[in-house]
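Close look at the chain arrangement
Take a look at the letters that make up each chain.
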Amino acid sequence: MDEMLIGEGFVGDGADAAHVNTVLGPREGPVATAWATALATPRAGHVPFVVVVRPGLAVKPLTLFVNKATIGSTRHGELTWGAAQAGVAGGVADAVAEGAIARTAADELLLIAAVWVDPAAADEEAVYGNNRTATLAALRAASAGLPALADILAARATPVNPFFRRR
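An account of the accompanying structure is given in this report.

1. Focus on the overall build of the protein chain
Scanning the protein chain for helices and strands turns up 4 helices and 9 strands. Counted from the first residue to the last, the protein chain has its helices and strands arranged as β-β-α-β-β-β-β-α-β-α-α-β-β. By its C-alpha atoms, the protein chain is 45 × 45 × 30 Å across when sized along the principal axes. Accessible area of the protein chain: about 9,000 Å², with a carbon and sulfur share of 58%. For the protein chain, the distance from the average position of its 13 positive side-chain charges to the average position of its 16 negative side-chain charges is 4 Å.

2. Some words on the nonpolar core
Ranked by internal contacts, the top residues of the largest apolar core, which has 31 residues, are F65, V88, I101 and V115. Elements represented by at least two residues in this core include exactly β1 (5-11), β2 (18-26), α2 (74-98), β7 (109-116) and α3 (124-144). Take this core: its biggest share by element is 8 residues, from α2. Look past the residues within four positions of V88 in its chain and what remains in contact with it is V51, T63, F65, A113, V115, N131, R132 and T135.

3. Some words on helix α1 (residues 30-40)
Within α1, the full set of buried residues consists of V31, A32 and W35. With its buried residues spanning 100 degrees around the axis, α1 presents them on a single face. When the buried face of α1 is taken as reference, the exposed residues oriented beyond 90 degrees from it are P30, T33 and A40. The secondary structure elements touched by the buried residues of α1 are β2, β3 (49-50), β6 (62-67) and β7.

4. Points about the pairing of β2
Pairing analysis gives 7 bridges linking β1 to β2, with the strands arranged antiparallel. Bridging across to β2, I6 finds its partner in V23. Bridge count for β2 against β7 is 8 bridges, and the pairing is antiparallel. Residue pairing in the sheet places H19 in a bridge with W116 of β7.

5. Description of the layout of surface pockets
To find leftover empty space, one rolls a probe the size of a water molecule over the atoms. Each pocket or cavity is described by its volume, and for the largest pocket that value is around 250 Å³. F10, G12, D13, G14, A15, A17, H19, W116, D118, P162 and F163 together form the lining of the largest pocket. Looking at side-chain class alone, the lining of the largest pocket contains 6 nonpolar, 3 polar and 2 charged residues. Lining the second largest pocket are E8, F10, H19, V160, N161 and P162. Contributions of two or more residues to the lining of the second largest pocket are made by β1 and β8 (160-161).

6. Digging into the sheet that holds β6
Pairing between the strands of a sheet is mediated by backbone hydrogen bonds and can be parallel or antiparallel. Spatially, the 5 strands line up as an open sheet ordered β1-β2-β7-β6-β3, and their pairing is mixed. Strand pairing shows two members of the sheet lacking a second neighbour, β1 and β3, which therefore form its edges. Relative to β6, α2 is tilted by about 140 degrees, and along the sheet it contacts β3, β6 and β7.

Parameters at a glance
Within each chain, residue numbers correspond to sequence positions counted from 1 in written order. Since the coordinates come from a predicted model, pLDDT governs what is reported: local features require at least 70, and pairs of side-chain atoms require 80 or more to be given and counted, while whole-chain, interface and lining totals use all residues. As a rule here, side-chain values come from all non-hydrogen atoms in the structure, and water together with hydrogens is ignored. Where helices and strands are cited, they refer to DSSP runs of H or I of at least four residues and of E of at least two residues respectively, numbered from the N terminus. Computed with a 1.4 Å probe, the accessible areas rest on the Shrake-Rupley method; for each residue, only the protein chains presented here act as cover. Charge assignment: positive for Lys and Arg, negative for Asp and Glu; neither His nor the chain ends contribute. In plain terms, the charge of a residue is placed at NZ if it is Lys, CZ if Arg, CG if Asp and CD if Glu. Put simply, buried Ala, Val, Leu, Ile, Met, Phe, Trp, Tyr and Cys residues joined by side-chain atoms within 4.5 Å make one nonpolar core. Here's how the labels work: a residue is buried when its accessible area is under 20% of the maximum for its type, exposed when over 50%, partly exposed in between, all with a 1.4 Å probe on protein chains only. A contact between two residues is defined here by any heavy atoms of the two lying within 4.5 Å. In this description, the arc belongs to the directions extending from the helix axis to the C-beta atoms. Two strands form a pair only when DSSP identifies at least two bridges running between them. For cavity detection a 1 Å grid was placed over the protein atoms alone, and a set of points counts as a cavity when a 1.4 Å probe fits there but cannot get out; an open set counts as a pocket when protein lies on both sides within 12 Å along at least five of seven lines, with lining residues being those that have an atom within 4 Å of a point. Grid points are joined across faces, edges and corners, and a volume is the space filled by probe spheres set on the points. Only Asp, Glu, Lys and Arg are considered charged in this grouping, and only Ala, Val, Leu, Ile, Met, Phe, Trp, Tyr, Cys and Pro are considered nonpolar; every other residue, Gly among them, is considered polar. An axis is simply a line fitted to the C-alpha atoms; with a helix, the fit covers only the stretch in contact. Between two such axes, the angle follows the N-to-C directions and lies from 0 to 180 degrees.

Right, dumping it as structure tokens:
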């Protein structure tokens, strides 16, 4: 794969919902530069890390987890580094298993996953499941070139998100 693919997935409701943005691309080029730069420049409350299926078994494509919410408590950190990371790992592996990411390309790509875990999240199984599903949805969308421009144009007059709904 020579191109950069960008995807978005949102799954769940309330504080345990998951919002994942993905950037997938070759190990040479802008994705690689962003990946290495983010890994090498942590800042207070935001420490990017390599996603693992379990310690010593990094998911492929190598995935950098970037938290979008500043870690504000021990529990929030546990949910981010534990359940959300495990969900992202599962979603990436699912994408490879089903072909949204070609198995033959998995060693040649890098993935950045920007992940929102609400500081009020509480249910680790919901956080895990929502992040797994949102990661897979983001990678499927990127692979398919979604969203379609026609869908965006059709929805432009009535934007909605968890914090705003235009009437």
